[in-house]
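Analysis of the macromolecular model
Read off the chains here:
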Amino acid sequence: MSDALLPLLIALPLLAGIFPLLLGLRFERAGWPVAMTASLTVAVLAGWLAWAVSPWSGGPQRFVHDLAGYPAPYGIELVGDGLSAILALLISVVAVAVLIYGRTTGPQTNAFYSGYLLLTGGLLGMALTGDLFNLFVFLEIVGLVSYALIASSDDGRAAYGALKYLFLGTTGASLYLIGVGYALVATGTLNMGDMATELAAVGYTDPLVQAAFGFILIGFMLKIAIFPLHTWQPDAYTYAPDTVSAFISALVSTTAAYALIRIAYDVFTVDFFAANPLITDAVLLVASVSIVVGSLLALLQTELKRVFAYSSVAQFGMILAAIGLQSETALFGAVIHLVGHGLMKATLFMGAGVLASAYGAQTVADYAGLAKRAPITSGMMAVAGLALVGIPPSIGTLGKWFIALGAVEEGSWGVAAVIFISTLLTLTYIGRLLETLYFNQPATTDDETGVVGDAGDATDDGSIVADGGDTERATAGIDDVAPVATERIVVVVVLALSTVALFGAAGLFAEFLDPVFGRFFQ
Amino acid sequence: MTDVTFIDVLTTRHAYVLFVLLSAIGLYMMIANENLVKKVIGLNMFQTGIFLFFITSAYRVGGSTPIVKSGGGPYVSPLPHVIVLTAIVVGISLTAVGLALTLRLYAEYGTLRASALREVIADE
């Protein structure tokens with residue numbers, strides 16, 4: 001019975017995606033109720049899947065479903081295990097949160113809700129498939145819908161960001177397809193489990209196998225947005241509607257990173273890394289550069305959504321580093337960080353969206369003193385921001401801790417040092433946001449003073465505010481407060497608190513991941 | 001394997017050479033061309049190169065159409081053909097979305113040149 005959950009989880013949102021448009025012909029506001037019903041059902045099913053693969057259900061901890069009854073190496077397989085169940089649960093929970101958040105704001109067209117459901121279905125497909133080509137198809141479904149959703153803003157710049165994403169994202173998916181093609185030529189199969197056996201038989205140092213991994217890696221680096229292949233990401237996140245930014249930043253790169261973990265460890269296996277030290281070193285080097293440069297670029301941005309976008313480049317660098325470390329501890333940290341990053345970024349983008357709708361705040365300087373006006377949202381953004389830095393108790397601490405611990409265990413002191421430096425840099429840009437939110441006077445409309453204030457020197461900032469001289473004009477401008485629906489703030493609060501609550505969940509994650517990692521690191 | 005010369009590659013593996021050339025030209029066109037529509041065409045060319053690679057990989061000397069009646073064979077591999085069919089559908093959808101976005105950008109900014117768009121957007 002439980003294996004029927006897998007196709008249902010994918011088919012339900014994809015099929016439901018038709019209805020907002022279909023019913024929209026008759027009822028103008030059909031989209032939201034349809035999307036909500038489907039998302040809640042998906043969340044229940046994902047919860048059921050998580051329970052089924054958990055050790056407490058007493059059943060097997062890995063479910064396989066052969067689509068249309070064709071057995072494994074010939075047909076397409078769907079696989080549910082602890083790792084994919086965690087991802088499915090994250091996707092469904094964030095999807096519900098995004099939908100509640102987006103009820104009053106953001107695109108309310110029926111087309112948006114159709115796209116939203118297609119994206120959910122595509123992401124779940126990526127999380128649950130056990131076939132390399134099927135993964136490509138879901139990757140492209142996710143890509144296509146993301147482009148459309150990003151462009152759903154009225155802003156022309158959103159269309160530009162979406163088109164840029166389309167070019168780079170498609171190139172990434174195509175490179176992945178070349179990699180799959182090479183692997184197919186080398187092994188003659190597309191099934192992940194089958195290919196793992198065949199690749200071992202072909203030999204991990206075969207140039208064809210190495211090239212296959214290289215293409216797959218580069219393809220995913222484009223999709224995940226690792227420096228220097230991240231250029232699509234800041235524009236896409238910044239100009240997309242707030243609802244879409246939160247959804248995409250929390251889930252799309254996350255699921256691509258999950259797929260890379262799955263392929264690296266389930267298909268190519270840890271022996272591949274051991275046999276190819278050059279590839280492993282390259283992965284670690286690129287990841288380290290991405291961590292440092294991403295953090296530095298985040299520090300240089302003035303627009304808040306851009307700060308968060310570049311911060312994602314750094315955080316995903318950390319996950320890539322964990323993949324290259326070949327350490328069970330680090331990979332455990334990477335999975336926790338995937339979930340944590342998704343929740344934290346969703347909170348931050350949603351919080352920024354609330355403050356943007358209420359006060360029109362876009363740049364970091366616009367957030368000056370907003371903590372007094374919007375204490376709850378600001379407080380929750382502070383919680384998520386500090387979690388992103390890695391300050392306990394939060395899920396951000398857990399992820400970073402285990403990745404750094406894995407690096408130390410493997411003797412990769414360079415990676416450990418990079419993670420430490422990045423934590424300091426994260427503290428700098430989050431600290432700058434918190435300082436602006438809590439301690440700056442809402443006076444700095446002047447661009448120059450805004451930039452100096454951003455440098456983070458409290459005393460300097462005070463004097464500049466006094467020197468500013470245009471306090472009244474600025475305050476008058478900020479006073480136009482638009483009302484914000486309560487449920488948006490509630491969603492931000494719940495997500496922020498979840499990042500704190502999950503601090504105690506390391507044992508829970510271990511229960512789910514132990515059987516999976518047992519296979520990865522036999 | 002090791003004593004394959006450049007000429008051998010050109011004469012016996014021209015299909016792979018073609019795949020590399022076509023993909024590389026498409027990718028270059030997508031990156032270097034300023035016109036958004038031509039970028040989309042470049043993207044299509046890049047993908048078409050990949051499709052040709054898959055078709056090539058299915059080929060067998062003397063292979064016949066993979067419709068199994070009784071015995072027969074050898075057959076060409078049907079799997080890559082199926083993959084390419086699916087990938088073509090994906091590619092067409094991408095082209096459609098790409099062109100739709102291009103149209104919207106043209107309606108909004110009145111230009112198809114990437115550099116001009118960058119300038120306008122930077123000023124906004």
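It should be emphasised that the depicted structure is a prediction, and the values quoted were computed from it without experimental measurement.

Time to look at the side chain of Gln233(A). Residue and element names in this part refer to chain A. One can find Gln-233 in helix H10 (residues 232–239). Overall, the relative accessible area of 0% leaves Gln-233 in the buried class. If near-sequence neighbours (up to four positions away) are discounted, Gln-233 is found in contact with Ala-225, Ala-309, Tyr-310, Ser-312 and Val-313.

Our next topic: the UniProt feature "transmembrane region" (unreviewed entry) in chain B. Residues and elements named next belong to chain B. Under the feature "transmembrane region" (unreviewed entry), the UniProt entry names residues 14–31, 43–62 and 82–103. Across residues 14–31, helical content stands at 100% and strand content at 0%; the span's end C-alpha atoms are separated by 25 Å. Along residues 43–62, the helical share is 80% and the strand share 0%, with 34 Å between the first and last C-alpha atoms.

Residues and elements named next belong to chain A. Two elements in contact, helix H4 (residues 82–101) and helix H24 (residues 506–520), have axes separated by 7 Å at closest approach and are oriented at 135 degrees. With respect to H24, the axis of H4 lies oblique. Two secondary-structure elements touch here, H4 through Gly-82, Leu-83 and Ile-86 and H24 through Phe-509, Phe-512, Leu-513, Val-516 and Phe-520. The residue makeup of the contact of H4 with H24, split by class, is seven nonpolar, one polar and no charged.

Moving on to the UniProt feature "domain: NADH:quinone oxidoreductase/Mrp antiporter transmembrane" (unreviewed entry) in chain A. Under the local residue numbering, the UniProt record ascribes the feature "domain: NADH:quinone oxidoreductase/Mrp antiporter transmembrane" (unreviewed entry) to residues 130–426 of chain A. Secondary structure content for residues 130–426 of chain A is 83% helix and 0% strand, while the C-alpha to C-alpha distance between its ends is 36 Å.

The next point concerns a nonpolar patch on the surface. Together, Leu15(A), Ile18(A), Phe19(A), Leu22(A), Leu23(A), Leu25(A) and Phe27(A) line one region of the surface with nonpolar side chains, adding up to about 710 Å² of accessible area. Residue Leu22(A) is classed as partly exposed on the basis of its relative accessible area, which comes to 47%.

On to the interface of chain A and chain B. Taken residue by residue, the interface counts 30 residues in chain A and 33 residues in chain B. Taken together, the two surfaces of chain A and chain B that pack against each other cover about 2800 Å², and 82% of this comes from carbon and sulfur. Where chain A packs against chain B, one counts zero salt bridges. Linking chain A with chain B are six residue pairs in polar contact (both at pLDDT 80 or more), by the criterion used here. Of all the secondary-structure elements, those providing two or more residues to the side of chain A that touches chain B are helix H6 (132–150) and helix H7 (156–187) of chain A. At 18 residues, the largest contribution of residues to the side of chain A that touches chain B is made by H7(A). Residues of the side of chain A that touches chain B, tallied by class, amount to 20 nonpolar, six polar and four charged.

We now examine the pattern of salt bridges. All names here are of chain A. Counted according to the given criterion, the structure contains ten salt bridges over all chains. The salt bridge partner of Lys-305 is Asp-242, with a shortest N-O separation of 2.9 Å. Taken together, the positions of Lys-305 in helix H14 (residues 304–324) and Asp-242 in helix H11 (residues 242–267) put the pair 63 residues apart, joining distant regions of the chain. With a relative accessible area of 10%, Lys-305 lands in the buried category.

A few words on the nonpolar core. All names here are of chain A. Among the nonpolar cores identified, the biggest contains 216 residues, and Tyr-176, Phe-220, Tyr-265 and Phe-268 are the most heavily contacted of them. Sort the elements by how many residues they give to this core and helix H15 (residues 328–359) lands first, with 19 residues. Tyr-265 has contacts with Val-270, Phe-273, Ala-322, Ile-323, Gln-326, Ser-327, Leu-331, Phe-520 and Phe-521, leaving out every residue within four places of it along the chain.

All names here are of chain A. Side chains Phe-63 and His-65 of strand E1 (residues 62–66) all project onto a buried face; the interleaved residues Arg-62, Val-64 and Asp-66 project onto a face where none is buried. Relative to strand E2 (residues 77–81), E1 is paired through five bridges, and the arrangement is antiparallel. Considered in E2, the bridge of Arg-62 is made with Asp-81.

The next subject is the confidence of the model for chain B. Of all residues in chain B, 96% have pLDDT values of 70 or greater, and the mean over the chain is 86. Across the interfaces of the predicted complex, the ipTM metric reaches 0.92, alongside a pTM of 0.89.

Time to look at unusual backbone geometry. With the exception of glycine, most residues fall at negative phi, and the peptide bonds are largely trans. Residues and elements named next belong to chain A. The step from Phe-227 to Pro-228 runs through a cis peptide bond, and the omega angle for that step is 0 degrees. By secondary structure assignment, the location of Pro-228 is in the loop between helix H9 (207–224) and H10. Cis geometry marks the peptide bond from Pro-392 to Pro-393, where omega comes out at -5 degrees. Along the chain, Pro-393 turns up in the loop between helix H17 (375–389) and helix H18 (395–409). Of note in this structure, Ala-225 is not a glycine but carries a positive phi near 75 degrees. By the element assignment, Ala-225 lies in the loop between H9 and H10. Given a relative accessible area of 0%, Ala-225 falls into the buried group. Although it is not a glycine, Thr-269 sits at a positive phi angle of roughly 65 degrees. Of note, Thr-269 is situated in helix H12 (residues 269–275).

Reading guide: rules and limits
Residues numbered from 1 in each chain as written. Chains lettered and ligands numbered in written order. Predicted model: local features only at pLDDT ≥ 70, side-chain atom pairs only at ≥ 80, totals over all residues. Heavy atoms only, no water. Helix = DSSP H or I, 4+ residues; strand = E, 2+ residues; numbered from the N terminus. Buried < 20%, exposed > 50% of the residue type's maximum accessible area, 1.4 Å probe, protein only. Contact = heavy atoms within 4.5 Å. UniProt positions renumbered as here; feature names shortened; annotations may be inferred. Axes fitted to C-alpha atoms, helices over the stretch in contact; angles between N-to-C directions. Parallel < 35°, antiparallel > 145°, perpendicular 65-115°, else oblique. Nonpolar A, V, L, I, M, F, W, Y, C, P; charged D, E, K, R; others polar. Patch = residues over 30% accessible without salt bridge, like charges linked within 9 Å, V, L, I, M, F, W, Y side chains within 5 Å. Areas by Shrake-Rupley, 256 points an atom, 1.4 Å probe, with all protein chains shown as cover. Salt bridge = Lys/Arg side-chain N within 4 Å of Asp/Glu carboxyl O. Buried area = accessible area lost by both parts, 1.4 Å probe. Polar contact = N/O pair within 3.5 Å; in protein donor to acceptor, adjacent residues only side chain to side chain. Core = buried A, V, L, I, M, F, W, Y, C linked by side-chain atoms within 4.5 Å. Pairing = 2+ DSSP bridges. pLDDT = per-residue confidence, 0-100.

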